[in-house]
Amino acid sequence: MKKVLIFVLLTAITYVSFAQDEQGKTSGRSDQDQNATDEITATVKSSTRLFKDKGDLTSVILIIPSGSAVTYLDSDSTYMHVVYDSNEGYIYNKQATIDQAPAGNETDQQQAADQAQQDQPEDRYTYLVNKYGSAMADRIFAGKIWKGMNSEMVRDSWGAAEKINRTINNNFIKEEWVYRKTWLYFENNTLVQWGPTQNR
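Figured I'd write up the structure that's included with this text.

Rules of the game
Residues numbered from 1 in each chain as written. Predicted model: local features only at pLDDT ≥ 70, side-chain atom pairs only at ≥ 80, totals over all residues. Heavy atoms only, no water. Pairing = 2+ DSSP bridges. Helix = DSSP H or I, 4+ residues; strand = E, 2+ residues; numbered from the N terminus. Core = buried A, V, L, I, M, F, W, Y, C linked by side-chain atoms within 4.5 Å. Buried < 20%, exposed > 50% of the residue type's maximum accessible area, 1.4 Å probe, protein only. Contact = heavy atoms within 4.5 Å. Phe/Tyr/Trp six-rings, centres within 6.5 Å; stacked < 30°, edge-to-face > 60°.

In summary, the side chains of a regular strand alternate between the two faces of the sheet. The pairing of strand β10 (residues 182-187) with strand β11 (residues 190-196) spans 6 bridges and is antiparallel. Within β11, the position partnered with Leu 184 by the bridge is Trp 194.

Quick look at the nonpolar core now. Counting 22 residues, the largest nonpolar core has Ile 140, Met 149, Val 154, Trp 177, Tyr 179, Leu 184 and Leu 191 as the members making the most contacts within it. Once residues lying within four places of it in the same chain are set aside, the contact partners of Leu 184 are Ile 145, Val 154, Trp 158, Glu 175, Glu 176, Trp 177, Tyr 179, Leu 191, Gln 193 and Trp 194. Counting residues in hydrophobic clusters, the runner-up holds 13 residues, among them Ala 42, Ile 64, Met 80 and Ile 98.

All right, on to the packing of aromatic side chains then. Per the counting criterion, the structure on display carries 6 aromatic pairs. On the basis of an interplanar angle of 85 degrees and a centroid distance of 5.1 Å, the ring pair of Trp 158 and Tyr 179 is categorised as edge-to-face. With Trp 158 in helix α5 (residues 151-158) and Tyr 179 in the loop between β9 (172-178) and β10, this residue pair connects regions lying 21 residues apart in the sequence. For Trp 158, a relative accessible area of 11% corresponds to the buried category. Note on Tyr 179: relative accessible area 1%, which makes it buried. Counting every residue linked through ring pairs, the aromatic cluster contains Phe 51, Tyr 79, Tyr 92, Tyr 125 and Phe 141.

This is the structure:
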């Protein structure tokens, strides 16, 4: 009789332990499923550059094709922080729209969309047109540089330099701005020359 009782007791313990393991696995899957549904996505409206550093517009990681879905992380007044194809970086806010939320996540999605809308009172292109006029804004928005630009225009086109070397002699100021792959040379706040950094 004792053997039967011990056998029944061991069987019951094994059954309870197995049931708890299965419940843990099931709840683990639902947590993973919940995390997957918490992900906010955005759709790219036209081909756009993914920047590694929003302060350096020469830090292009890759070009995201039009219509691609990206994972939305956050945004500021100009840039959207996203992940595309395992690459994390920044794109311009006006280049993508936040998608509708998956079922059960409408509140979080709407809050993110509202926040992104509030964070961009004026998009970058409009800002550049207001500041420089449409012809020059087109060139700066495209990330172009040319001789005769002042330092503020270059900063609006390429972002902040990684390093600036400045020499002042009487009233004459020389500056060398160093980006990841390019150096720019200014004389009295006017761009006069540039070249690749590897040749220096």
